[in-house]
Amino acid sequence: MLKLRTGNHSLLVETKRYGNRKEYYERICNLCNLNKVQDLFHVVMECPNFLKERDKYIRFRRSNNKYELYEEISNITRSQLKQLTDFMTIVENNLKAEK
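Here the structure is a predicted model, which means the values were calculated and not measured.

Draft legend 1. Region of interest: the side chain of Gln 80. Positionally, Gln 80 belongs in helix H6 (residues 78–98). Of the residues examined, Gln 80 reaches a relative accessible area of 18% and is grouped as buried. Separated by 2.8 Å, the side chain of Gln 80 and the backbone nitrogen of Thr 77 make a polar contact. Setting aside residues no more than four positions away along its own chain, Gln 80 makes contact with Arg 59 and Phe 60.

What follows is the structure, encoded as structure tokens:
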């Protein structure tokens, strides 16, 4: 979770801010065909590539609003935080395998 809060993760929303820079709207998820920016909201709530994992690990209310999701995450329980961390580890591993 610390990586998410500090922007130290492999989501394209962050990695394309530097070096081979792209505009925000161009940081499209390369794991699916939804043509959405690969940010926290997309991988936690939308990306079909993580459907099974999402059903297994994401136990808090699923919002369809990015800002509600961020608020929800800031108020989750310790066990929900562990599940979200496990989920994001899977996401990170998938992103590394795509490189």
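Draft legend 2. The arrangement of the nonpolar core in detail. Counting 22 residues, the largest nonpolar core has Val 44, Phe 60, Leu 84, Phe 87, Met 88 and Val 91 as its most contacted members. Of all the secondary structure elements, the ones that give two or more residues to this core are helix H3 (40–46), helix H5 (66–74) and H6. If we skip the residues at most four places from it in the chain, Val 91 touches Leu 11, Val 43 and Phe 50.

Draft legend 3. Seen up close, H6. Over its 21 residues, H6 runs 30 Å from end to end, which matches the ideal 30 Å to within 8%, given 1.5 Å per residue. Considered for burial, the residues of H6 that qualify are Gln 80, Leu 84, Phe 87, Met 88, Val 91, Glu 92 and Leu 95. Projected onto a plane normal to the axis of H6, the buried residues spread over an arc of 145° and lie on a single side. The exposed residues of H6 that point more than 90 degrees off its buried face are Arg 78 and Ala 97.

Draft legend 4. How the structure looks around unusual backbone geometry. One non-glycine residue, Asn 35, lies in positive phi territory at about 60°. Among the structural elements, Asn 35 can be located in the loop between helix H2 (12–15) and H3. Among the residues examined, Asn 35 registers a relative accessible area of 59% and is labelled exposed.

Draft legend 5. Layout of the pattern of salt bridges. Applying the stated criterion across every chain, the model contains 3 salt bridges. Notably, a salt bridge pairs Lys 36 with Glu 46, separated by 3.2 Å at the nearest N-O pair. With Lys 36 in the loop between H2 and H3 and Glu 46 in helix H3, the pair connects residues that are 10 residues apart, well separated along the chain. Taking relative accessible area as the criterion, Glu 46 reaches 25% and is therefore assigned partly exposed. A salt bridge links Asp 39 to Lys 66; the shortest N-O distance between them is 2.7 Å. Taken together, the positions of Asp 39 in the loop between H2 and H3 and Lys 66 in helix H5 put the pair 27 residues apart, joining distant regions of the chain. We classify Lys 66 as partly exposed; its relative accessible area is 24%.

What counts as what
Residues numbered from 1 in each chain as written. Predicted model: local features only at pLDDT ≥ 70, side-chain atom pairs only at ≥ 80, totals over all residues. Heavy atoms only, no water. Helix = DSSP H or I, 4+ residues; strand = E, 2+ residues; numbered from the N terminus. Buried < 20%, exposed > 50% of the residue type's maximum accessible area, 1.4 Å probe, protein only. Polar contact = N/O pair within 3.5 Å; in protein donor to acceptor, adjacent residues only side chain to side chain. Contact = heavy atoms within 4.5 Å. Core = buried A, V, L, I, M, F, W, Y, C linked by side-chain atoms within 4.5 Å. Expected span 1.5 Å × (residues − 1). Arc of directions from axis to C-beta. Salt bridge = Lys/Arg side-chain N within 4 Å of Asp/Glu carboxyl O.

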